[in-house]
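For reference, the chains in residue letters:
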Amino acid sequence: MWSRVFVFLIGAVYIYHQVLASEVVIHDIDLVLELRIPVSSDSSNFTELFRNSVRKVSLPYTITQSLNVTGLNFTTGCYPNSTGGLQCHCEEQFAWSCDQCNIYGACSNATSQTCGCINGLPSDGALCEPITNITQCLTPPPAPRTNATTTNPTTLMTTAPPTTTPLTTTPNITPISIMTTNTTSETTPTYVITSVTTPPMPTTPNTTTEVTTINTTNTSTLFTTTTPDTTRQVMTTTTATRTTTTTPLMTTTSMTTILQTKNLSFTMDKDFDPSYNNSNSTVYKDANNAIQKQCMEHISTLVSVNIIEIKSGSTIVDYAIRANSINDTEIAAVKSGVFSQLGKIYPVIFDSPAPLTFDPPSVIFGESVTVTCGPPPLDLNFSTIATAEWTFNDTNILEDSDHHFGTANGTATLTVKQFFITDVGRYQCMLKDSGSRGIFRQISTGTYTFQNEPLIQVKPMKQLIQCGAVTSVTLQCSVNSPYNVVFNKENSTTGIRCVNDPVYGSGTLNYVAEAPCEPNYVGTKTAVCGSDGQWGNKQDNCILQIVQQLFQQSQDLNNNSFPRFLEKLSSATVNLTEQVVDSPGTITAIVQILNNVANVSLSPNISITETSMKNILLTAGVLTTNGSKTSWGYLNGNDTSNITATQRKSVSSAFLQSLETITSYLTNDSFNIDTPSIILNKTTFKNTFMADFDSSVEIDIPTSDGRSKFITVVTFASMDNVLPARDKGNSSIYVINGRVVLVQSSGTVDNVSFTFDIINNTLGNAQCVFWNFSLFSGLGGWDNGGCVLVSSNTNVTCNCNHLTSFSILMSPNTIFDIVLDYITYIGVGISMASLVICLIIEAIIWRKIRRNTTSYLRHVSIVNIAVSLLIADIWFIIGAAISDAKTVNQPACTAATFFIHFFYLALFFWMLASALLLFYRTVSVFEGGLSKTSMLAIGFSLGYGGPLIIAVITIAATAPQKAYIRDAGVCWLNWDKSKALLAFVIPALTIVVINLLILLVVIYKMLRRRAGDSSQAAERHVMVVIARSLAVLTPFFGLTWGLGAGTLADPTNRGISISFALFNSLQGFFILVFGTLSDKKVCVSITIFNQ
């Protein structure tokens, strides 16, 4: 059993092929698909169902990111006939070529120039072709009733019917098919009827009869062999010489008539009904009457005309004209007449053979283009244009700010204000007559000539030259064809600071240099010449040219261009992923495009459908890939340092907010969109909601108001590449250790729980945060307001009272160890208690120590060392409390850090004062030199003046850049950004080294004096006590803060951290033991006081 065979043409398949960095070449190809369906498995109206299904396909249709289908045409349908063969019909606006009509024969058993149906499916793969593409076959001139033969050789195939020739005169009609060998590439099928008159003759088994064809110019003889009761094909050749048979009887005259058949069709813009094929239906009668009338009026040799069929595709009427001769003028008159007659009662469509015209014919992206339709031919009798309807890729074009309609002098115009690559496609116009129901239709060919905007590249763009040092500079300038360039001169200046940089050249101090972008990029690179002779503050503003074009178009989007624009944006971004992610300027431009899309989505005329949202997510997903991390790092750092009053939002924050805005305006449908980097789920719920997304985030809404509402969840696979881990304390020590999820609901949700899978299990100190766009004057950052950490084990569970974009932050550099906590707090407690005891002892013995100047100054130093460390420990506890608070108080944390820094430095500077006192007493005469008051003044100036200067300079230099305290909210000097911690480590370790050197000198001097001088034993005793305390405390403090420096080099080393915490927390105890109790006179004084 034959199958139904359906063939459809996929036209204008755009394959995007990357040639250069930003150039995309569109290859336009046609694909032919053949569908075979067994007759036993389909319904009687399958063809109509299939035809309607093809029409409903939304175009353009994206198969892959580099393969788009922009046209789909059902061309050919083959059906089994009663004899077991196939009849292959052409759809509307398609026809078989005359060659196929000749070879297979038209379904009406006749041949013609073109036909809509043939008896068979061509084995060479030939299909119905567009009517406008079929070359008309050669039509011979009208022939007289007597056959005019040519002098060129002609082959005739004659088949005689089975007859017995009687003795009387009998008319013998023989159908003859003529194929002329000297025709052009286009052939005309004809019917030849030859009338032969034969005189009485005897019946013979095999007779050769002379048949003569009369011609006004020459004579030809045809030899016909007739065999009784048999039928044979005889090859007969026409010659220029008269030939006589063996039994000549008489001359027979051959009279020949040539019939031509022309298959035509017209379309009515109305829904098809199978009943139209009923000859009694009104539509059939009206169509037949119009066809009959117009053919009789305009076809001079008309033989017959009849309707072949009325079929769907709107409503298409196929009819066939048979005449002795048909010329193009008569056919055109018939078409116009049918259109004029039927157009009064039906919406008949007249298809223009000429395509739409474009002005200018060479289209430049971003410029205005006018498409002209019409005018209709005069013989259509169009009165005036009532309406003009325009479509683009079979989608209606509505008049808006980008598309303007006009009519004048029988023509209609469509003006595209800014023509971009998204406007490339198939345009069609339909003009409706105000005086009838007739429609004039004109279609574009779909081919345009594009001309890119001029892309000028100059190297160097600007360069300063030292006068007299350089005689010439080579300037390279290029521009894409067909443009030319003009050079502008600029004078040189002196005072060159930055010299001969390969990109930015030379420049003076604070000179802003410009450098060109790479090929296929637009914009410039800039840099500022610094005082160090290096180019700094480098800005890369280069944008891919195609993205720049899309950015220009995004500033003026409407409901017509919006879907096509998003499709082109996603295609360009995905196809050029590598170039996009490596260009900060291009990323910024795409974010600005998405922001424009978000602004357009606020319009009630714009709908964010599932298809549009998928294109948006594909674009956004490219910007979040791992390859973009370096570019985002540059953009985030640049935003932090260069944010201004006019640009209050960082690029990364603007990117996230544009997605939040777009998502909130999705159409009221439930759907899931899965892209490589972003997943979107939109659904409804009433009371409760629980779902797992991407197996990494679980959302639970335990209660709601009971009303039906939409919830939209967008899960980002790698948004950590985009958003900086900057928390409310402006900390950058944290990292995003879970998926970023955007949640929105059409109703109110007051309680939602999130469970995040942890990406890196080695991190700790989880924080539940959301992105707060208003932090840091619009820069944006992670905020934990309204979110509480519920649990943190193998995953992290958070509970929040609002919806937005959420994630978790965890610290990579903070070691969470219970042993460290115990050592720190117990040790600090012991240290503070020891310091209090030390100060009490000093108060008890204060009167006795004032008798000796050296002893007095030593105890002054010990008291100030103890006071400094005690106050530093107190501020350490205050800072720890501030750091552990749910919300870090930045001013309080800054104050705590300042006082900890100041008093820890005071501890070391008073140790330095004590060492200098020892050194001074060792190398000078004991009873001479500086007075007690002078030495006290020097001691207090050094002990508190030095630390105050260092602490003030440190906070003044780093606080304006928000780099004074640590980003993690820890109240201590910053290390990552400003290295402010060096303002403590360097002075402390320097004092340790100085004290050790002084100690060595003093020990050497004291040993020499002990051997040679026994006087002033009391003075010597005090110096020994000072030396002994310094000998213990200096190495101890040096070791302690040396371990502190070790924690900077290896912050994850548990042994170093525990050792530093132990030694640091016991400083007060060591001061008590070796600074106070190691002095025997102090012990004696305490004993006497107790007694």
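Residues numbered from 1 in each chain as written. Predicted model: local features only at pLDDT ≥ 70, side-chain atom pairs only at ≥ 80, totals over all residues. Heavy atoms only, no water.

### Topic: the overall build of the chain
Inference 1: When you go through the chain residue by residue, the secondary structure sums to 22 helices and 50 strands.
Inference 2: Buried residues in the chain amount to 48% of all 1091 residues.
Inference 3: Long-range pairs, those at least 24 residues apart, make up 69% of the contacts in the chain with a sequence separation of at least 6.
Inference 4: When the accessible surface of the chain is totalled, it reaches about 50,700 Å², and 57% of it is carbon and sulfur. (Helix = DSSP H or I, 4+ residues; strand = E, 2+ residues; numbered from the N terminus. Buried < 20%, exposed > 50% of the residue type's maximum accessible area, 1.4 Å probe, protein only. Contact = heavy atoms within 4.5 Å. Areas by Shrake-Rupley, 256 points an atom, 1.4 Å probe, with all protein chains shown as cover.)

### Regarding the nonpolar core
Inference 1: Judged by nonpolar contacts, the single largest core of 62 residues is most densely connected at Val 597, Met 613, Trp 632, Phe 655 and Phe 716.
Inference 2: Looking at which element gives the most residues to this core, the answer is helix α8 (residues 584–601), with nine residues.
Inference 3: Excluding residues that lie within four positions of it along the chain, Met 613 makes contacts with Ile 608, Ile 662, Thr 663, Leu 666, Ile 673 and Leu 680.
Inference 4: Grouped together as the second largest cluster of nonpolar side chains are 51 residues, Phe 902, Leu 905, Leu 936 and Leu 1072 included. (Core = buried A, V, L, I, M, F, W, Y, C linked by side-chain atoms within 4.5 Å.)

### Some thoughts on the packing of helix α5 (residues 545–554) against helix α6 (residues 562–575)
Inference 1: Closest axis-to-axis distance for the α5/α6 pair is 11 Å, and the angle between their directions is 160°. What the angle tells us is that α5 and α6 run roughly antiparallel. In this structure, α5 meets α6 at a crossing whose hand is left-handed. Residues Ile 546, Leu 550, Gln 553 and Ser 554 of α5 form the contact with α6, whose participating residues are Phe 565, Lys 568, Leu 569 and Ala 572.
Inference 2: Partitioned by chemical class, the residues of the contact of α5 with α6 number five nonpolar, two polar and one charged. (Axes fitted to C-alpha atoms, helices over the stretch in contact; angles between N-to-C directions. Parallel < 35°, antiparallel > 145°, perpendicular 65-115°, else oblique. Left-handed = near helix turned anticlockwise from the far one by under 90°. Nonpolar A, V, L, I, M, F, W, Y, C, P; charged D, E, K, R; others polar.)

### Side note on the pattern of salt bridges
Inference 1: Overall, the coordinates contain six salt bridges when judged by the stated rule.
Inference 2: Residue Asp 318 is joined to Lys 311 by a salt bridge in which the shortest nitrogen-to-oxygen separation is 3.0 Å. Grouping residues by exposure puts Asp 318 and Lys 311 together as buried.
Inference 3: When the shortest N-O distance is used, the salt bridge between Asp 351 and Arg 441 registers 2.5 Å. Of this pair, Asp 351 sits in strand β18 (residues 348–351) while Arg 441 sits in strand β27 (residues 439–443), placing them 90 residues apart in sequence. (Salt bridge = Lys/Arg side-chain N within 4 Å of Asp/Glu carboxyl O.)

### Notes on the packing of aromatic side chains
The way to describe two aromatic rings as a pair is by their centre distance and the angle between their planes.
Inference 1: In the structure shown here, the tally under the stated rule is 26 aromatic pairs.
Inference 2: Ring plane angle 25° and centroid distance 6.5 Å describe the contact between Phe 689 and Phe 693, whose orientation is recorded as stacked.
Inference 3: Judged by its relative accessible area of 10%, Phe 689 is buried.
Inference 4: Under the relative-accessibility criterion, Phe 693 is labelled buried at 6%.
Inference 5: For the ring pair Tyr 904 and Trp 972, a centre distance of 6.5 Å and an interplane angle of 75° mean the geometry is edge-to-face. Pair noted here: Tyr 904 is in helix α16 (residues 890–923) and Trp 972 is in the loop between α17 (932–958) and α18 (982–1012), with a separation of 68 residues, a long-range link. Across the pair, exposure class does not vary: Tyr 904 and Trp 972 are buried alike.
Inference 6: Members of the aromatic cluster, joined through ring pairs, are Trp 875, Phe 898, Phe 899, Phe 902, Phe 903, Trp 910, Phe 940 and Tyr 944.
Inference 7: It is Lys 682 that lies over the ring of Phe 710; its NZ or CZ is 4.6 Å from the centre.
Inference 8: One cation-aromatic arrangement involves Lys 709 over Phe 685; the distance from NZ or CZ to the ring centre is 5.0 Å. (Phe/Tyr/Trp six-rings, centres within 6.5 Å; stacked < 30°, edge-to-face > 60°. Lys NZ or Arg CZ within 6 Å of the ring centre and 35° of its normal.)

### What about helix α11 (residues 651–663)?
Inference 1: Compared with the 18 Å implied by 1.5 Å per residue over 13 residues, the 18 Å span of α11 between its first and last C-alpha is a close match.
Inference 2: With 11 of 13 residues buried, α11 lies mostly within the body of the structure.
Inference 3: Those residues of α11 that sit buried are Val 651, Ser 652, Ser 653, Ala 654, Phe 655, Leu 656, Ser 658, Leu 659, Glu 660, Ile 662 and Thr 663. (Expected span 1.5 Å × (residues − 1).)

### Quick word on the side chain of Ser 718
Inference 1: Position of Ser 718 relative to the elements: it lies in the loop between β42 (709–716) and β43 (735–736).
Inference 2: The class for Ser 718 is buried, based on a relative accessible area of 10%.
Inference 3: Polar side-chain contacts of Ser 718 include one of 2.6 Å to the backbone oxygen of Thr 624.
Inference 4: When residues no more than four places from it in sequence are discounted, the contact partners of Ser 718 are Thr 624, Thr 625 and Asn 626. (Polar contact = N/O pair within 3.5 Å; in protein donor to acceptor, adjacent residues only side chain to side chain.)

### Notes on the confidence of the model for the chain
Inference 1: Here the chain averages 74 in pLDDT, while 70% of its residues score no lower than 70.
Inference 2: Low pLDDT, under 50, characterises residues 139–255; the stretch is placed with 204 contacts to residues that sit more than four places away or in other chains.
Inference 3: Considering only residues more than four positions removed or in separate chains, one finds that residues 1011–1015, a stretch of pLDDT under 50, has three contacts. (pLDDT = per-residue confidence, 0-100.)

### Some details on the state of the cysteines
Inference 1: Enumeration over the complete set of coordinates arrives at nine disulfides.
Inference 2: A sulfur-sulfur separation of 2.0 Å characterises the disulfide bridge that pairs Cys 498 with Cys 529. Torsion about the S-S bond of the Cys 498 and Cys 529 cystine: about 100°, corresponding to right-handed handedness. Remark: Cys 529 occurs in strand β35 (residues 524–529) and Cys 498 occurs in strand β31 (residues 496–501); sequence separation between them is 31 residues.
Inference 3: By relative accessible area, which is 0% here, Cys 529 ends up buried.
Inference 4: Residue pairing for Cys 787: its cysteine sulfur links by disulfide to Cys 800, the two sulfurs lying 2.2 Å apart. Judged by the sign of its S-S torsion, about 115°, the bond between Cys 787 and Cys 800 is right-handed. (Disulfide = S-S within 2.5 Å.)

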